[in-house]
Amino acid sequence: MLLFLIVLTFNSLQAQEIHSVSLSEAVKLAKENNKKILRSQLETTLSEQNIKERKELRLPDIELNGEYSRITNITEFKGNGFLNGKEVTKAIPEIYQVNSAFKMPIYAGNKINNAIKIANQENEIAKIKTEKTENDIELEVVANYLAIYKMMELQKIFEENIKEEKSRLKEVQSLQKHGTVTKNEVLRAELQLSDRELNSLTNSKNIKIALHDLKTLIQIPENEEVAIDTTANMDKMNGLDPYDFYLQKAFQNEEMRIASQELNIKKTELKLVKGNYLPTVNFFGNYGFYYPNYKFFPPNPYLYTLGQIGIEAHFDISALYKNKTKVEQATTQIEWQKMQSEIIKDEIQDKLFKEHTQYQEILEKFVVVDKALDLANENYRIVKLKYLNQLVLITEMVDADNALLQAKYNKISTRLDAILKHYELLHTAGIMPSEI
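Every chain begins its residue count from 1, and numbering advances along the sequence as written. The model is predicted, so local features are restricted to residues of pLDDT at least 70 and side-chain atom pairs to those at 80 or more, both for listing and for counting; the totals for chains, interfaces and linings are taken over all residues. Processing note: side-chain calculations cover all non-hydrogen atoms of the structure and skip hydrogens and water entirely.

### Structural notes on the sheet that holds strand β5 (residues 94–107)
Part 1 of the argument: A sheet is described by the order of its strands in space; here four strands give the open sequence β2-β5-β7-β8, paired in antiparallel fashion. Either end of the sheet is taken by a strand with one partner, and the two such strands are β2 (61–70) and β8 (304–314). Strand-to-strand twist across the sheet, computed as the mean angle between neighbouring axes with direction ignored, equals 15°.
Part 2 of the argument: The pairing criterion for strands is at least two bridges between them, as found by DSSP. Only DSSP runs of H or I covering at least 4 residues are called helices, and only runs of E covering at least 2 are called strands; the numbering of each starts at the N terminus. Relative to β8, strand β7 (residues 280–291) runs antiparallel, the two sharing eleven bridges. Looking at the pairing, phenylalanine 284 lines up with glycine 310 of β8. Geometry is summarised by axes, namely lines fitted to C-alpha atoms with helices restricted to the contacting stretch, and by angles between N-to-C directions that run from 0 to 180 degrees.

### Points about a nonpolar patch on the surface
Part 1 of the argument: A cluster of nonpolar side chains, contributed by Leu64, Val98, Tyr287, Phe289 and Leu303, occupies part of the molecular surface with about 540 Å² of accessible area.
Part 2 of the argument: On the secondary structure map, phenylalanine 289 appears in strand β7.
Part 3 of the argument: Here phenylalanine 289 falls in the partly exposed class, since its relative accessible area comes to 42%. In this scheme, patches are assembled from residues that exceed 30% relative accessible area and form no salt bridge. Like charges are connected within 9 Å, while nonpolar side chains (Val, Leu, Ile, Met, Phe, Trp, Tyr) are connected within 5 Å. In this description, accessible areas are obtained by the Shrake-Rupley approach with a 1.4 Å probe, and a residue is regarded as covered only by the protein chains that are shown. One speaks of a salt bridge when a side-chain nitrogen belonging to Lys or Arg is within 4 Å of a carboxyl oxygen belonging to Asp or Glu. Only protein chains enter the accessibility calculation, which uses a 1.4 Å probe. A residue is then buried if its area is under 20% of the maximum for its type, exposed if over 50%, and partly exposed in between.

### Concerning the packing of helix α3 (residues 35–55) against helix α4 (residues 111–177)
Part 1 of the argument: Two elements in contact, α3 and α4, have axes whose closest approach is 9 Å; the angle formed by their N-to-C orientations is 170°. Classified by the angle between their axes, α3 and α4 sit roughly antiparallel to one another.
Part 2 of the argument: The residue classification treats Ala, Val, Leu, Ile, Met, Phe, Trp, Tyr, Cys and Pro as nonpolar and Asp, Glu, Lys and Arg as charged. All others, Gly included, are polar. Of the residues belonging to the contact of α3 with α4, the class tally is nine nonpolar, nine polar and eight charged. Should an angle fall under 35 degrees it is called roughly parallel, over 145 degrees roughly antiparallel, and 65 to 115 degrees roughly perpendicular, with every other angle called oblique.

### Structural notes on the pairing of β7
Part 1 of the argument: Note that β5 and β7 share eleven bridges and pair antiparallel. Residue pairing in the sheet places lysine 103 in a bridge with phenylalanine 284 of β7.

### Side note on the confidence of the model for the protein
Part 1 of the argument: Per-residue confidence from the predictor is reported as pLDDT, which spans 0 to 100. With 94% of its residues at a pLDDT of 70 or more, the protein has an overall mean of 89.
Part 2 of the argument: Two residues qualify as a contact provided that any one of their heavy atoms is within 4.5 Å of a heavy atom in the partner residue. Predicted confidence is poor over residues 1–10, with pLDDT under 50, and the contacts of this stretch with residues over four places away or in other chains come to zero contacts.

### Describing a negative patch on the surface
Part 1 of the argument: A surface patch of like charges, here negative, comprises Glu255, Glu342, Asp346, Glu347 and Asp350.
Part 2 of the argument: Examining the composition of the negative patch, we find that four residues originate from one element, helix α9 (residues 324–388), more than from any other.
Part 3 of the argument: The residue aspartate 350 is located in helix α9 in this model. Counted charges follow a simple rule, with Lys and Arg positive, Asp and Glu negative, and His plus the chain ends left uncounted. The atom standing in for a charge is NZ when the residue is Lys, CZ when it is Arg, CG when it is Asp and CD when it is Glu.

So this is what it looks like as structure tokens:
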């Protein structure tokens, strides 16, 4: 039974394959498999099919009709009174007819061309939205990946610190046995160790949750466990160009291009509405077989054919007064869209300025956090030496330990924050790298 459980456990562990991915691999997998990206690609396909549908409006409408019926005799009342002087004329009881008709638009106030133009503009928006979705997911993957990286580095610091705290606790317990320290210092050392172990446990669970989120983003199968590659160089994205460079690019990012296309659609819709003032002209024709011939009376019992071809024109006079409000609405929508574009432009400019300033600030912190770590290491060395010689209390040792842990984390965190902020800056500017 024990052997069976061991084999079962081994097989379950084998089933949980570990898929280790670098940042570039994670982004690539997300672009290939993420469901939001796949959905946006389907929306682009739908918009392309919509263009084809609009173009088919130029094709003729063709109908084929058939009819069979039976009729009664024709009864006429030729007397002066009601139902008086009845005279019955025998009719041919069966009627057959088969006919076809077609109609092809020649001119429709340019409505068809404008409808096709709108479909093309909507297709451009769908393509830009797909591009935006890809960039949004890419940034989400980067943010998630770097968050995991940061937590894993913190976990290493916790584990190193826990080892040292355990060693220190043994030293304090030994000193207490010799009567050189109080019970209070032992308790303080135990509390410090307990606090580190709790932080480590919480951090490890947060890593597990973040890895699951990453697995969903890049669509790793459920029977695989995902892990990130912490050996790759993560300091290659720290260049900073002048603010004007990013601003110029940002005015052509996905949001601005979508707003521009939305404005173009509103302008085309105005032309479409104005088309109601214009007549429509169609080329039409029909041809059919009919039996009997009811063109004459009494009807002739003969099969005959009749065809017609020509041009018809239609002009809706009521549009001259009914269409005015629609034109005004379309004009107002253009003004609204122009204002919306300006609002988006201002928001992008503010966001870009904030991110550029924050990125510059993070880069300037590099020297500070490096120096702080050196100082924390030196402070920890001095305090530890004093503590071992019973010149300081354990509270000072704990403070020095906390300061060192914070300094180590700040150095790692600042580097990773710089990478993330760089990607956020590129995302806002609409120049996300094709390869990471």
